[in-house]
Amino acid sequence: MISYIFMKILEKRPECYDARIGSHARSIKEEIVKKYVRPGMSMLDIGCGTGALLEMATRVGAHASGIDIAGNMLAAARKRMEEHSLGDTVILHHTPAGVVEMDGLFQDKSFDLVTSILVISELYEDELRWMLREIRRILKPDGMLVLAGEVQPVGLVKRVVYSTLRMPMAFVTHLFSRTGTKPVENLAGKLIDSGFEVCHEKRSFLGSFTTMVARVSDNLSNDQVDTIPPRNPQDDFSFIKSVWDYAGRWFSNPVEPGLRLIGSPDENSPVVVTSNYHLTLRLLEKSLAGESCYLLVAPANGINVWCAACGGELTTHSLIRVIKTSDIGRRVDHKRLVLPQLIAPGVDGTLLKEETGWKVVFGPVYARDLSAFLKNNCRKTPEQCIARFGLKFRLEMLFSMNFVVWALIALITAFIRPKRLLTVSGVYWGSGATLYTGYPFIPGRNGLAKAFFVSLLECVAIISASKGPYRNSHRSSLGWMAGATLMNMWFGFDLQGIASGYSSDPAAWFSTLGVRSLGRFSFAARKTLTRNNLKCNNCRICMGVCPKAVFALANNGEDVLLEKIEECFACGACIMQCPQDALSLV
């Protein structure tokens, strides 16, 4: 079980994948080949990874094909086939958007056997249903489907034990790989609803891992199978998730991706896109109250739109996935998506149109302006393009980005020195409030410099208090000064990126040291935006996607200039959307 949860980490090192994934996975593949693979049959392995199952099947005489979303895993698979002289007999497809690309790769009724090992728990619910629908299409009438993956155990005791064992492993996996897996509930029911009948099932590991064999059933019509219903917006609300929105902003907070209906939309209603971050989605649903539109929630690992787009979690392929799995094309007569402006660093509008036929228009920065934007025929004002970092925002970030750390400090203090809990909490939040509220005014070039300045003031105050009515020992004063300084350094570590919208200092420092990534965090060197004036045709697209008002009009509105280059924090939105490739970071 540990190997399957850590699978997302192992995928980053394909050379170690087969050796570390465990004997259970190998035995499953060997059993599949022994029972279901025959010479001359056509076989597809979905999520083929390094190609171990494909190699086994090919040696038996099957005509094997494989698809995988991970390019590094497919590279390892190709190397495996070449080393075993099977390179010309196995067909491999790289599908950056995942299983949703199956519809353009395979003909109807073209496979005798379809397998998928350790994939189902990586898919969101509509995506799994879409995959099963495609498998039903490409399977021959007498073909077989074999699924193996993580599922919810049956029975309260097994679920409690399984969840207790799984939680710490899942946390570590998410910390280092930015994602994880989710046990599938009622897999047999989903197969039946998708037009299959279950022939055999074998469970292991407290019933949390299943190998399920199914074949196409004639009990459902194609119309019934093809229908993927939208979700209810009311189902997105969760009290626990709402608390976590404001207390645990360091961590992801996902909801199920897919389609929501706002009001009573028809074939002419707008299609609005957001990420599957609980806070963003709930704010957007509230702002659209009274409107009639479709809301597409794209998979972004539960991260807000801006961070997900800049961090590579919300991409063009994320939108391709939700466009296909939601069947939104069947509901509207147009092909235009209203994207949040802050998604611009991650989504290539030109590529999206080439792949799906959907055009994009970028809405305002804030959800509160979206209703007015739609009423204004999808036109926004310059003010609606700018991200603000005012006092209210900084106070919100103070609490949401630092509550978990305070809770940890408070727990330790309550255990060691309970009488000092209130004092320690006061110093912690007092230091944070000083830095976050006073950020524009405190001397210093960056967050750490400002934190150092505040620490000096606090140390002076502690020394003065120790000589006054609150006399402390020399050792106690040093302890308080050290503690206050550490707290300030924590607040100042990425204060510039959090409270002001400028480039993150830690990212630049780590990059300078040659560290490109640390767990789930990646670091890029700080770069400067430049423009090739010969390529620029003054189309003004850059002005509509820049959240910091870096660009301005000159010469009576005829030319676009880089007016506030010092405001640029290299998010890449203008570069991604520039049709002339006139902008770059150097």
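Notes on the structure in this doc start here. Owing to the predicted nature of the structure, the values given are computational and were not obtained by experimental measurement. Sequence positions are assigned chain by chain, starting from 1 and proceeding in written order. At least 70 in pLDDT is required for a residue's local features to be given in this predicted model, at least 80 for side-chain atom pairs to be given and counted, and no such filter applies to totals for whole chains, interfaces and linings, which use all residues. Calculated side-chain values reflect all of the structure's heavy atoms, with hydrogen atoms and water omitted.

A few words on the sheet that holds strand β8 (residues 258-262). With respect to topology, five strands assemble into an open sheet ordered β8-β10-β9-β11-β12, the strand pairing being mixed. Among the strands making up the open sheet, the edge pair consists of β8 and β12 (359-362). Averaged over neighbouring strand pairs, the angle between their axes works out to 30 degrees when direction is ignored. Pairing geometry for strand β9 (residues 271-275) and strand β10 (residues 293-298), over five bridges, is parallel. Residue pairing for β10: Val 272 is matched across the bridge by Leu 295. Sheet strands in contact with helix α12 (residues 278-287) are β8, β9 and β10, and its direction is about 150 degrees off that of β9. Two strands qualify as a pair provided that DSSP identifies no fewer than 2 bridges between them. Elements are defined by DSSP. Helices are runs of H or I of four residues or more, strands are runs of E of two residues or more, and each kind is numbered from the N terminus. Axis definition: a line fit to C-alpha positions, over the contact stretch in the case of helices; interaxial angles, taken between N-to-C directions, run 0 to 180 degrees. Throughout, a contact is declared for two residues whenever any of their heavy atoms are within 4.5 Å.

Once that is clear, we can look at the sheet that holds strand β4 (residues 111-117). Taking strand neighbours across the sheet as the criterion, the seven strands line up as β3-β2-β1-β4-β5-β7-β6 in an open arrangement whose pairing is mixed. Single-partner strands in this sheet number two, and they are β3 (91-94) and β6 (196-204). Between one strand axis and the next, the sheet turns through 15 degrees on average, direction left out of account. As paired strands, strand β1 (residues 42-46) and β4 are joined by four bridges and run parallel to one another. By the bridge assignment for β4, Asp 45 is matched with Thr 115. Running at roughly 150 degrees to strand β5 (residues 139-150), helix α7 (residues 125-138) makes contact with β1, β4, β5, β6 and β7 (209-216) of the sheet.

For the rest of this paragraph, the subject is the pairing of β8. Most of β8 sits out of view: four of its five residues are buried. As judged from the five bridges shared by β8 and β10, these two strands associate in the antiparallel manner. Looking across to β10, one finds that Leu 259 is bridged to Leu 296. Exposure categories follow from relative accessible area, calculated using a 1.4 Å probe and restricted to protein chains: below 20% of the type maximum is buried, above 50% is exposed, and the middle band is partly exposed.

A few words on the pattern of salt bridges. Any Lys or Arg side-chain nitrogen found within 4 Å of a carboxyl oxygen on Asp or Glu counts as a salt bridge. Following the criterion strictly, the structure yields 19 salt bridges and no others. Put simply, Arg 59 and Glu 55 hold a salt bridge, and the shortest N to O gap is 3.3 Å. With a gap of four residues between them, Arg 59 and Glu 55 both fall in helix α5 (residues 52-60), about one helical turn apart. When salt bridges that share partners are traced, they join Glu 55, Arg 59 and Arg 80 into one network.

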